[in-house]
Amino acid sequence: MYQNKLNLTPNDILEKDFKIDTRGFRLKEVDQFLDLIIEDYNTFIDIIKKQEQEKDELTDEILRLKQQLRDANVNVEIAKANTSTGTSNVDILKRISNLEKVIFGKEDNKE
C-alpha cells in the first residue's frame, strides 16, 4: 500500500555500492543516497503518525460503541423484567383498588 511512496527497499540499501575516488567514496553520490534514505524515513514517520491517529479514533469509537451496547443490554434487561412480571401500571392500580375495597369495605355497602 505504501510501498509505491518509498524510494528504496531494504534490499536497495543493503546492496548499495558506492564508487571509490582517490580520497574514498564519492561524497555527492553518498549524499544523494542518504537524502533518499532521509526522505523515506520522513515518509515512514508520516505514515506512523496517520496510523496512530486512525488507531486512536477507532479505539474511541470502539469504546463508545461498547458503552452503547452495555446501555442497550441494560435496557433489554429492564424491558424483559417489565414484561416477565406481566404487570403494568393499570394492573397495579386495579389491584390497589381491589385491596382498598377489601380493607375499607365497599362504599356501596355503607350507604
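Everything here concerns the structure above.
Caption draft 1: Quick peek at the overall build of the protein. From N to C terminus, the protein includes four helices and two strands. Carbon and sulfur atoms make up 56% of the accessible area of the protein, which totals about 10,300 Å².

Caption draft 2: Quick look at the pattern of salt bridges. Within the structure shown, the criterion is met by two salt bridges. For lysine 55, the salt bridge goes to aspartate 56, with nearest N and O atoms at 3.7 Å. Its relative accessible area of 41% is what places aspartate 56 among the partly exposed residues. Its salt-bridge partner being arginine 64, residue glutamate 61 comes within 3.9 Å of it at the nearest N-O pair. Linking glutamate 61 with arginine 64, this pair stays in helix H2 (residues 27-85), spanning three residues, or about one helical turn. The exposure class assigned to glutamate 61 is partly exposed, which follows from its relative accessible area of 36%.

Caption draft 3: Inspection of the side chain of threonine 43 at higher detail. Counting through the fold element by element, threonine 43 comes out in helix H2. Relative accessible area serves as the criterion here: at 18%, threonine 43 is assigned to the buried category. Not counting residues up to four positions away in its chain, the partners in contact with threonine 43 are Lys5 and Leu6.

Caption draft 4: Geometry of a nonpolar patch on the surface. A contiguous nonpolar patch, built from Leu99, Val102, Ile103 and Phe104 and spanning about 490 Å² of accessible area, is present on the exposed surface. Note on placement: phenylalanine 104 falls in helix H3 (residues 89-104).

Caption draft 5: How the structure looks around H3. With 16 residues, H3 extends 22 Å between its outermost C-alpha atoms, agreeing within 8% with the 22 Å of an ideal straight helix rising 1.5 Å per residue. For H3, a buried count of zero out of 16 residues is recorded, marking the element as mostly open to its surroundings. Looking at the residues trailing H3, positive phi occurs at glycine 105, about 85°.

Caption draft 6: Region of the structure containing the environment of leucine 8. Mapping leucine 8 onto the fold places it in the segment before helix H1 (10-14). On the accessibility criterion, leucine 8 (12% relative accessible area) is buried. Placed 31 residues apart in sequence, leucine 8 and glutamate 39 show a C-alpha to C-alpha distance of 9.6 Å. When sequence neighbours within four positions are dropped, the list of residues in contact with leucine 8 reads Ile13, Phe33, Leu36, Ile37 and Asp40.

Thresholds applied
Residues numbered from 1 in each chain as written. Predicted model: local features only at pLDDT ≥ 70, side-chain atom pairs only at ≥ 80, totals over all residues. Heavy atoms only, no water. Helix = DSSP H or I, 4+ residues; strand = E, 2+ residues; numbered from the N terminus. Areas by Shrake-Rupley, 256 points an atom, 1.4 Å probe, with all protein chains shown as cover. Salt bridge = Lys/Arg side-chain N within 4 Å of Asp/Glu carboxyl O. Buried < 20%, exposed > 50% of the residue type's maximum accessible area, 1.4 Å probe, protein only. Contact = heavy atoms within 4.5 Å. Patch = residues over 30% accessible without salt bridge, like charges linked within 9 Å, V, L, I, M, F, W, Y side chains within 5 Å. Expected span 1.5 Å × (residues − 1).

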